[in-house]
Every structure is written in C-alpha cells, then in structure tokens.
Amino acid sequence: MFLLSGLDRAVHCFATKEHDPNERYPTSALAFMEIETYDYMRELFPSLLQLPSSALCIDIHETTTHQITAVGCQNGFLRITVLSKSRQGEVLESAPLFLNGPVSSLKLFRICENRKLCHPFVGTILKQMRHKTKVKSPHPYDDDADYDPYTCLNLLVGEAMGRVTLYRNVEFSLLEDPDILLSEDYELNRNIDLNVGTPILSTPQISSRRSSVTSITSLTSVTSPRGSSVQYKQDSILCVNYFDIDADGLNEILIGTYSKKMLVFKAKENGHYELSATYKFPSPVYSIEPVDINCDGVVELLVSSMYNLHIMQPDLEEMQNKVMKRLTLMMEKLAK
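Residues numbered from 1 in each chain as written. Predicted model: local features only at pLDDT ≥ 70, side-chain atom pairs only at ≥ 80, totals over all residues. Heavy atoms only, no water.

Caption draft 1: View of the overall build of the chain. A tally of regular secondary structure across the chain gives five helices and 21 strands. Every one of the 336 residues in the chain was classed for burial, and the buried ones make up 47%. For the chain, contacts bridging at least 24 residues in sequence account for 52% of all contacts bridging at least 6. When the accessible area of the chain is evaluated, it comes to approximately 17,700 Å², of which 52% is carbon and sulfur surface. (Helix = DSSP H or I, 4+ residues; strand = E, 2+ residues; numbered from the N terminus. Buried < 20%, exposed > 50% of the residue type's maximum accessible area, 1.4 Å probe, protein only. Contact = heavy atoms within 4.5 Å. Areas by Shrake-Rupley, 256 points an atom, 1.4 Å probe, with all protein chains shown as cover.)

Caption draft 2: A look at the nonpolar core. Counting 19 residues, the largest nonpolar core has Leu156, Leu181, Ile253, Ile255, Phe265 and Tyr273 as the members making the most contacts within it. Contributions of two or more residues to this core are made by β12 (164-167), β13 (178-182), β15 (237-243), β16 (252-257), β17 (261-267) and β18 (273-280). A total of three residues in this core trace back to one element, the largest contributor, which is β17. Those residues in contact with Leu156 that sit more than four places away from it in its chain are Ser105, Leu106, Lys107, Phe109, Val164, Thr165, Leu166, Leu181, Val240, Asn241 and Ile253. One finds Leu106, Leu153, Tyr167 and Leu174 within the second-largest nonpolar core, a separate group that totals 18 residues. (Core = buried A, V, L, I, M, F, W, Y, C linked by side-chain atoms within 4.5 Å.)

Caption draft 3: Layout of the packing of aromatic side chains. With the rule as written, the count across this model stands at three aromatic pairs. Between the aromatic rings of Phe2 and Phe14, the centroid separation amounts to 5.2 Å while the plane-to-plane angle is 10°, which identifies the pairing as stacked. Here Phe2 is found in strand β1 (residues 2-5), whereas its partner Phe14 is found in strand β2 (residues 11-17), with 12 residues between them in sequence. Residue classification places Phe2 among the partly exposed positions, given a relative accessible area of 33%. For Phe14, a relative accessible area of 17% corresponds to the buried category. (Phe/Tyr/Trp six-rings, centres within 6.5 Å; stacked < 30°, edge-to-face > 60°.)

Caption draft 4: Broad picture of unusual backbone geometry. Phi is positive for Lys260, which is not a glycine, with a value near 70°. Mapping Lys260 onto the fold places it in the loop between β16 and β17. One non-glycine residue, Cys295, lies in positive phi territory at about 55°.

Caption draft 5: Region of interest: the sheet that holds β12. In spatial order, the strands read β8-β11-β12-β13; together these four strands make up an open sheet with antiparallel pairing. Looking at the sheet topology across the chains shown, the edges are occupied by β8 (103-110) and β13. Taking the axes of each pair of neighbouring strands and ignoring which way they run, one obtains an average angle of 20° across the sheet. (Pairing = 2+ DSSP bridges. Axes fitted to C-alpha atoms, helices over the stretch in contact; angles between N-to-C directions.)

Caption draft 6: Geometry of the pairing of β16. Within β16, six of the six residues are buried, which leaves it mostly tucked inside the rest of the structure. With burial as the criterion, each face of β16 is covered, one bearing Glu252, Leu254 and Gly256 and the other bearing Ile253, Ile255 and Thr257. Across six bridges, the pairing between β15 and β16 is antiparallel. Directly across from Phe243, in β16, lies its bridge partner Glu252. Across four bridges, the pairing between β16 and β17 is antiparallel. Within the sheet, the bridge partner assigned to Leu254 lies in β17 and is Val264. Once β16 ends, the chain turns through three residues before running back antiparallel as β17, passing Lys260 with a positive phi of about 70°.

This is the structure:
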C-alpha cells in the first residue's frame with residue numbers, strides 16, 4: 001500500500017491487486033488499484049482528508065498505542081495528528097498550523113532510538129543528562145507519562161522559504177514546542193569546534209557530466225577551520241532527513257538547500273542541535289537518503305542533486321575501530 005498526493009488536493013490510497021491468471025495480456029506481475037472508499041480513508045488516515053491544498057510531503061510513525069501523522073501542503077499548511085490504535089480512526093489530538101511558504105519536506109524521528117543501548121557509547125553528553133532531562137508530559141490523556149528529549153518523537157519541517165523548524169515531543173506536545181534551526185534571514189557568525197562530532201563521511205568527487213553517478217573518494221568536507229568565522233546566508237530548503245553520520249548513537253539532522261549545500265546539525269546537550277559541518281555539491285540538493293547500497297552492513301548516504309547522484313561512504317577503518325571498541329565494552333559489561 002502507498003499514498004499518492006494529487007493536484008485535486010486529495011491523497012489517494014493504492015493497494016496491490018491480485019494477479020488474474022485468466023488475464024490474456026497482463027500489464028505487469030504486480031498491479032495496483034486505488035481504494036476509493038471514503039470510509040476506508042477516514043478510518044485509517046483521517047488527517048489526510050479535506051486538505052486546503054495539495055500535500056507535498058507526508059510522514060507516518062506508529063508506536064505501540066498511537067499513530068502519528070504529519071502532512072505539509074503547498075500553501076504552507078502543516079498538520080500533526082495523533083490517532084488511537086486501539087480505537088481505530090479515533091483522533092485523539094490534532095494541531096493545524098499555517099507557515100510562511102510551501103512545506104518542502106518533513107520527517108518524524110527520534111534523536112536516539114534506544115537510549116539504554118546507546119548511552120554507554122555516546123560519550124559524556126548522555127551520561128551527564130541521564131538523570132536530569134525527564135519532565136512531566138503535558139499530554140491530556142497520559143498525565144503520568146515522562147519523556148526524554150533524546151528518545152521522544154520529534155517533527156523536522158523544512159520550508160521552501162528557507163526556514164527549518166524542529167518541533168519537539170510531538171506525540172505529547174504537538175506543535176507547541178518549536179526550535180528554529182534555520183530561518184529565512186539566518187546568518188551564522190560563530191566558531192565551530194570541528195574536534196567535536198565531525199562527520200566521518202567521504203565527500204564524493206564532483207563529476208562534470210550530467211545525469212551521472214559520482215564516484216566515492218576520500219575528499220574532505222567543506223567546513224571551516226577551527227576558530228574561524230562562518231558567514232552563511234540561507235536561501236531555500238529542498239529536503240530534510242536524519243541519519244547517524246558519526247555512529248555515536250545520536251541522529252544528525254541533514255538539510256539539502258538550493259544553494260548546493262548539505263548542512264549537518266549535531267545534537268548537543270538537552271537535545272538541541274547546532275551546525276557542525278557543510279558539504280558542497282555541484283548543483284541544488286533535492287534528496288538525501290541513507291541506504292546500505294552495497295549490502296555490507298554499513299549504511300551509505302545517497303545525495304541526489306539536480307544532475308548527479310552522489311554516494312557518500314563512511315570511513316570504513318574508523319567504523320571498524322568504533323565497532324571493535326563497542327564490542328570490547330559489551331564484553332566487559334557482560335563479564336561483570
């Protein structure tokens with residue numbers, strides 16, 4: 001099953017159709033048919049009905065008890081909806097919001113998927129904050145719930161007008177706790193310590209041919225030297241995503257821009273993000289996707305620009321050292 005948004009301001013649901021063995025000229029081995037029943041959409045995806053504009057991006061996240069749906073539209077309309085899985089189709093809470101421009105991309109994610117598993121390996125940040133960051137949830141139907149800023153569900157929203165906002169703990173707070181990472185007139189004038197959380201990706205070689213896949217090389221990223229001042233003016237956001245680039249257990253935020261850059265934001269204390277690195281590409285960055293493209297167990301980063309597909313691979317030697325260090329820590333913990 002997949003969802004497809006159209007210019008008719010509706011979101012269409014398609015499901016696989018069983019192959020008819022009596023069909024004389026089958027179109028393909030796998031066919032799809034649209035589910036046109038309004039009651040079916042109202043039961044599964046009520047938040048995607050009656051949108052004021054065409055949906056440009058949709059993300060759905062499921063927990064054991066809730067289904068959280070986020071949708072962004074061409075006219076700047078943003079909506080987050082929490083559904084009950086026990087009472088299918090019942091909307092527990094919904095929050096609409098109009099932004100300054102089209103919502104080009106959005107993602108639901110957690111900074112750390114499993115804090116109990118990752119905190120021995122991520123350095124001093126989680127150890128220091130382990131007993132300090134739990135607060136009462138403002139959620140009206142779960143008064144006793146606590147949330148952790150590292151494991152709570154967040155919504156990352158990129159706007160075509162140049163703003164990127166991180167809405168924290170959307171399962172409980174909806175859109176009431178925004179943190180603006182980039183704004184329309186954002187200008188960065190500060191020092192970046194590249195010794196902390198520097199990405200371990202290899203920047204791909206820039207190919208001069210159009211519509212080609214660039215090769216993987218070991219060139220360094222376009223970052224400022226230690227102690228220098230970075231001047232940066234944001235233009236338009238084309239895509240956002242998240243990925244644990246440096247394998248420390250915490251997801252970094254990745255932002256693709258029309259100014260041919262991929263910005264990397266790293267989580268600091270209390271789950272706040274700061275810019276840590278910038279990667280330069282030959283054309284605007286339209287898509288960023290983590291994929292294990294060669295099935296070796298190490299996830300690569302596929303960056304699609306206007307004319308090229310770039311494959312960014314982690315430093316395998318450094319990844320090996322991290323794995324061996326973590327295995328040693330696990331063995332020491334089991335031996336105690």
